Amino acid sequence: MRRFEVVSPFEPNGDQGQAIDKLSEGFLRGDKFQTLKGVTGSGKTFTMAKIIERVQRPTLIISHNKTLSAQLFREFKSFFPNNAVEYFVSYYDYYQPEAYIAARDLYIEKDCDINREIDQMRLRATYSLMERRDVIVVATVSCIYGLGMPDVYKGMRVHVEKGQQLNTKKFADSLISLQYSRNDDVLERGNFRIKGDVIEVYPPYMETDEAYRIELDWDEIVKIRRFNVLNRDVTGELDETVFYPAKHFVVPRDKLIEATDRIQKEMEEQVEFFRSQGRMLEAERIKTRTTYDIEMLKEMGTCPGIENYSGPISGRARGEPPATLLHYFPDDFLCMIDEAHVSVPQIGAMYEGDRSRKENLINFGFRLPSAFDNRPLKKAEFDAKMNQIIYVTATPRPEEVKQSTQVVEQLIRPTGLLDPIVEVRPSEGQMEDIYREVRERIDRNERSLILTLTKKMAEDLTDYLTELGLNVKYIHSEIDTFERVEILKALRIGEIDILIGINLLREGIDLPEVSFIALLDADKIGFLRSETSLIQIIGRAARNAAGKVVMYADHMSPAMEAAIRETKHRREVQEAYNKEHGITPVTIKKAVEDILEHEQQEARDEATMDLEVLKQGVNLFRAADRKKLIKRLTQEMTACAERMEYEQAAVYRDQIREIETQFGK
């Protein structure tokens, strides 16, 4: 069995070592819930990697959106190059769920665009979990949605080995039952072909462009080879191999026939229910739709919206939770929830949102009541399925703190930088005070952020400071993404000195040039001035050795008190550490060109990884595939160029040229 091994030139620094020790020991002694409370810039991701290396358990890492998940996936890929690091997010590029709006008598059909590449990565995640233990899966909360039963998925796999007698027709039927398609002309992911005594199978979950070739002598398997689909080079000789289903939702035919009987019975009960209430339209509607779906299931093995019958098909009791990605993990796995203060509430909200949409569909005869069982997990079901959890966040909620047997702080930044000084000043005369503060920063070639509560206030304050001769811009929701990037870049390189916004947290930016943050109306009650928001806002000034935050308020709110108390505690710990180790905090003084070059390299790396995903499942020797890939690459290149992401655009451009040079235009 392969062991997890972190490959990195760095060793644990600051208080990373004690965090790794405490959390690893807590996990190994069986603590169900723990919290890593790490400040921004303290290297929480590296700590997470070292904990995985220490405990040697399959690991699920949950993040609250695709962007952060992709970033974590790339980081863990680099930390664990010799282990299976997989990516599991929603495979919809576009998704319009089925719905019924009763007030307008409007039925909206499900409409979606599935990303085939991400679907393959999801399949690879479950395949890896079936085959090995050194697996890290980085996922969004989509991991709590129904996926298909792991026992059925594993039970339907087909095993072949050298010396085995193989009936070609029966083997082909077995692959078709696993949702593979036969195509004797072109070998693509999820397909197989048979030519004489040679069978080639291309599983969709393979990480590289590799497929399997089975060679027969009469009906006996004499060779099993793994080969590269593009150049046909043999990459391995095998004694045996296993083929897993090409899709997650697979069911043996006999089980499917049994399920149609259950669906038929439920339909009859629902029709009788509607008729007893005199609702003949709903009765006829559910009867017509369900009868059609049953016929499709019997004849084709599938039907539109088959996921709504997942309960009857799997044989689950009404209300029983569906199988999810969590059910593919062994019982002793580790779960880490990144940005837990956002991710955990999101997990809890998924079930209620799904149920409220389906109530109308069921009440008006568009779906059977069992459609309720095609759902995400409830929060309690999620917790019950978890083995052990480590919450990772800079601002844990009281709920996670109360659950945790220990909250381990990671407050030391490798740079030695401290959390900023926080002051509270009266709102009267705040404009004159802010002007004086920002002028001092401009004289020192430093930047400032000002946070308001409304768009109008941000715009008016921008006009006011501009009239005073300052270089200032504002950002709010009406500023498009392209312009945001340009404004942030202008702030960093000094074309503007002050940035005004409402919630600059969502920019996801580190600004070492910012040494002053002004919070207007800091004592107001609400999300934008909650304890969590205030602590995160304060952290924006923690990249500069001269960092300072001023809260303008007429009284001290509980959120302000808590945020100031927490910041003071962090700063005291950091100062004591620096004094003990002789560290003098210094702002990261990279030249702007160095910062931009680093960002450009990250952009190139990101585009290269995205490119690898795009190329999966494409046979470049097939003209139609080349044309399709070049079209997709051109679209990506154009989109990047329009956003002025020239480094990513160049990667796509170079790949197009390489394909056209090798194969011709």
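What counts as what
Residues numbered from 1 in each chain as written. Predicted model: local features only at pLDDT ≥ 70, side-chain atom pairs only at ≥ 80, totals over all residues. Heavy atoms only, no water. Pairing = 2+ DSSP bridges. Helix = DSSP H or I, 4+ residues; strand = E, 2+ residues; numbered from the N terminus. Axes fitted to C-alpha atoms, helices over the stretch in contact; angles between N-to-C directions. Contact = heavy atoms within 4.5 Å. Buried < 20%, exposed > 50% of the residue type's maximum accessible area, 1.4 Å probe, protein only. pLDDT = per-residue confidence, 0-100. Right-handed = clockwise from strand over helix to strand, strands pointing away. Polar contact = N/O pair within 3.5 Å; in protein donor to acceptor, adjacent residues only side chain to side chain. Phe/Tyr/Trp six-rings, centres within 6.5 Å; stacked < 30°, edge-to-face > 60°.

**Q** What exactly am I supposed to notice about the sheet that holds strand S18 (residues 388-393) here?
**A** Two strands in a sheet stick together by hydrogen bonds in their backbones, pointing the same way (parallel) or opposite ways (antiparallel). Spatially, 7 strands are ordered S3-S8-S2-S17-S18-S1-S19 in an open sheet, and the strand pairing comes out parallel. Each edge of the open sheet carries a strand with a single partner, namely strand S3 (84-88) and strand S19 (407-410). Within the sheet, the average angular offset between the axes of one strand and its neighbour, ignoring direction, is 20 degrees. Summarising the sheet, strand S2 (residues 59-62) and strand S8 (residues 135-139) pair through 4 bridges and their orientation is parallel. By the bridge assignment, Ile-61 is partnered in S8 with Val-138. Sitting on the sheet, helix H3 (residues 66-79) is in contact with S2, S3, S8 and strand S17 (334-338), with an inclination near 170 degrees to S3. Sheet strands in contact with helix H4 (residues 116-131) are S3 and S8, and its direction is about 135 degrees off that of S3.

**Q** Hey, could you run me through unusual backbone geometry in this one?
**A** Note: most residues except glycine have negative phi, and most peptide bonds are trans. Even without glycine at this site, Glu-339 takes up a positive phi of about 45 degrees. Mapped onto the fold, Glu-339 is located in the loop between S17 and helix H10 (340-363). Accessibility expressed as a relative area gives 24% for Glu-339, which makes it partly exposed. One non-glycine residue with positive phi stands out, namely Asn-445, at about 60 degrees. Structurally, the position occupied by Asn-445 is in the loop between helix H13 (430-443) and strand S21 (447-451).

**Q** I keep staring at the confidence of the model for the chain and nothing clicks. Help me out?
**A** Low-pLDDT stretches of the model should not have their predicted coordinates read in fine detail. Residues at a pLDDT of 70 or more form 91% of the chain, whose mean pLDDT is 87. Within the chain, the element-level pLDDT minimum falls on helix H18 (residues 592-615), averaging 49, and the maximum on S2, averaging 97. Within the model, the stretch residues 590-600 combines pLDDT values under 50 with 10 contacts to residues more than four positions away or in other chains.

**Q** Which parts of the structure should I look at to understand the environment of Asp-151?
**A** For Asp-151, the location among the structural elements is in helix H5 (residues 150-155). Relative accessible area serves as the criterion here: at 56%, Asp-151 is assigned to the exposed category. Placed 176 residues apart in sequence, Asp-151 and His-327 show a C-alpha to C-alpha distance of 9.3 Å.

**Q** Just checking my understanding: could you explain the pairing of strand S25 (residues 548-552) for this structure?
**A** Counting buried positions along S25 gives 5 out of 5 residues, so the element sits mostly inside the fold. Side-chain alternation along S25 places Lys-548, Val-550 and Tyr-552 on one buried face and Val-549 and Met-551 on a second face that is also buried. Bridge count for strand S20 (residues 421-425) against S25 is 5 bridges, and the pairing is parallel. Within the sheet, the bridge partner assigned to Val-422 lies in S25 and is Val-549. Sheet topology places strand S24 (residues 514-519) next to S25; 4 bridges connect them, and they run parallel. Residue pairing across strands places Phe-516 opposite Lys-548, the latter belonging to S25. Taking the sense of rotation as the criterion, the β-α-β connection linking S24, helix H16 (residues 531-539) and S25 turns out right-handed.

**Q** What am I meant to see in the environment of Ser-142 here?
**A** With respect to the secondary-structure elements, Ser-142 resides in the loop between S8 and H5. Look at Ser-142 and you get buried, because its relative accessible area is 12%. With residues near it in sequence (within four places) discarded, Ser-142 still touches Phe-88, Val-89, Ser-90 and Arg-122. Separated by 2.9 Å, the side chains of Ser-142 and Thr-140 make a polar contact.

**Q** Explain the packing of aromatic side chains here, please?
**A** Two numbers describe a pair of aromatic rings. These are the distance of the centres and the angle of the planes. For the structure on display, the rule yields 18 aromatic pairs. Here a set of aromatic residues connected by ring pairs shows up, and it is made of Phe-4, Phe-46, Phe-76, Phe-79 and Phe-80.

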